[in-house]
Amino acid sequence: MSTLQVPVNSTDYVQGDPHAPVTLVEYGDYQCPACGAAFPIVKAVQTHFGKELRFVFRNFPLTQIHPEAESAAETAEFAGTHGHFWDVHDALY
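In short, a report on the structure. Predicted, not measured: the structure shown is a model, and the values here were computed from it.

Moving on to helix α2 (residues 69-80). Taking 1.5 Å of rise per residue, 12 residues should cover 16 Å, and α2 covers 16 Å from first to last C-alpha, within 8% of that figure. When α2 is considered as a whole, its buried residues turn out to be Ala69, Ala72, Ala73, Ala76, Ala79 and Gly80. The buried side chains of α2 occupy one side of the element, clustering within an arc of 125° when seen end-on. In this structure, the buried side of α2 is in contact with β1 (13-16), β3 (53-59) and α3 (85-92).

Structure below.
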């Protein structure tokens, strides 16, 4: 089993049961085609595993190759300060 170098904490955006036996952490970039392709798969995995899975998203904009990724991440983070992170996260993908 793997252990995160930076444990899930109160600054993370989390969906699911905080005591779920499995945690999936995604380091994502809203402008990344692979991350965009993974988005519906992650949603399906969440639906499939339900309360057995905790999902954590951490912004990881790859600014060298995705010039708009930083502003997208900042937009999601700003929305998060107003309780709307997941709405904006889903809309960006």
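We now examine the sheet that holds β3. With respect to topology, 3 strands assemble into an open sheet ordered β1-β3-β2, the strand pairing being mixed. With partners counted over all chains shown, the strands left at the sheet margins are β1 and β2 (22-28), one partner each. Going from strand to strand, the sheet's axes swing by 20° on average, the running direction of each strand aside. Of the strand pairs in this sheet, β2 and β3 are connected by 7 bridges, and their pairing is parallel. Across the sheet, residue Val22 finds its bridge partner in β3, namely Leu53. In this fold helix α1 (residues 33-49) packs onto β1, β2 and β3, with an angle of close to 155° to the strand it touches most, β3.

All right, on to α3 then. Among all positions of α3, only Phe85, Trp86 and His89 are buried. The arc that holds every buried residue of α3, seen down its axis, measures 85°, which confines them to one face. Turned more than 90 degrees away from the buried face of α3, the exposed residues are Asp87 and Ala91. The secondary structure elements touched by the buried residues of α3 are β1, α1, β3 and α2.

We now examine the packing of α2 against α3. To characterise two packed helices, one gives the angle between the axes of the helices and the distance between these axes. At their nearest, the axes of α2 and α3 sit 7 Å apart, and the two run at 155° to each other. If you check the angle between α2 and α3, you find them roughly antiparallel. On the side of α2, the interface is formed by Ala72, Thr75, Ala76, Glu77, Ala79 and Gly80, while α3 contributes Phe85, Val88 and Leu92.

Turning our attention to the nonpolar core. Tyr13, Tyr30, Val42, Phe55, Phe57, Ala72, Ala76, Phe85 and Trp86 form the largest nonpolar core, which has 9 residues in total. Listed by contribution, the elements that provide at least two residues to this core are β3, α2 and α3. Residues in contact with Val42, not counting those within four places in the same chain, are Leu24, Glu26 and Phe55.

Further remarks concern the side chain of Arg58. Within the secondary structure, Arg58 is located in strand β3. For Arg58, a relative accessible area of 10% puts it in the buried group. A distance of 2.7 Å separates a polar atom in the side chain of Arg58 from a polar atom in the side chain of Asp12. Setting aside residues up to four positions removed in sequence, Arg58 forms contacts with Leu4, Val6, Pro7, Val8, Asp12, Val25, Glu26, Tyr27 and Gly28.

Procedures and definitions
Residues numbered from 1 in each chain as written. Predicted model: local features only at pLDDT ≥ 70, side-chain atom pairs only at ≥ 80, totals over all residues. Heavy atoms only, no water. Helix = DSSP H or I, 4+ residues; strand = E, 2+ residues; numbered from the N terminus. Expected span 1.5 Å × (residues − 1). Buried < 20%, exposed > 50% of the residue type's maximum accessible area, 1.4 Å probe, protein only. Arc of directions from axis to C-beta. Contact = heavy atoms within 4.5 Å. Pairing = 2+ DSSP bridges. Axes fitted to C-alpha atoms, helices over the stretch in contact; angles between N-to-C directions. Parallel < 35°, antiparallel > 145°, perpendicular 65-115°, else oblique. Core = buried A, V, L, I, M, F, W, Y, C linked by side-chain atoms within 4.5 Å. Polar contact = N/O pair within 3.5 Å; in protein donor to acceptor, adjacent residues only side chain to side chain.

Spatial relationships are all this shows, so hold off on functional conclusions.
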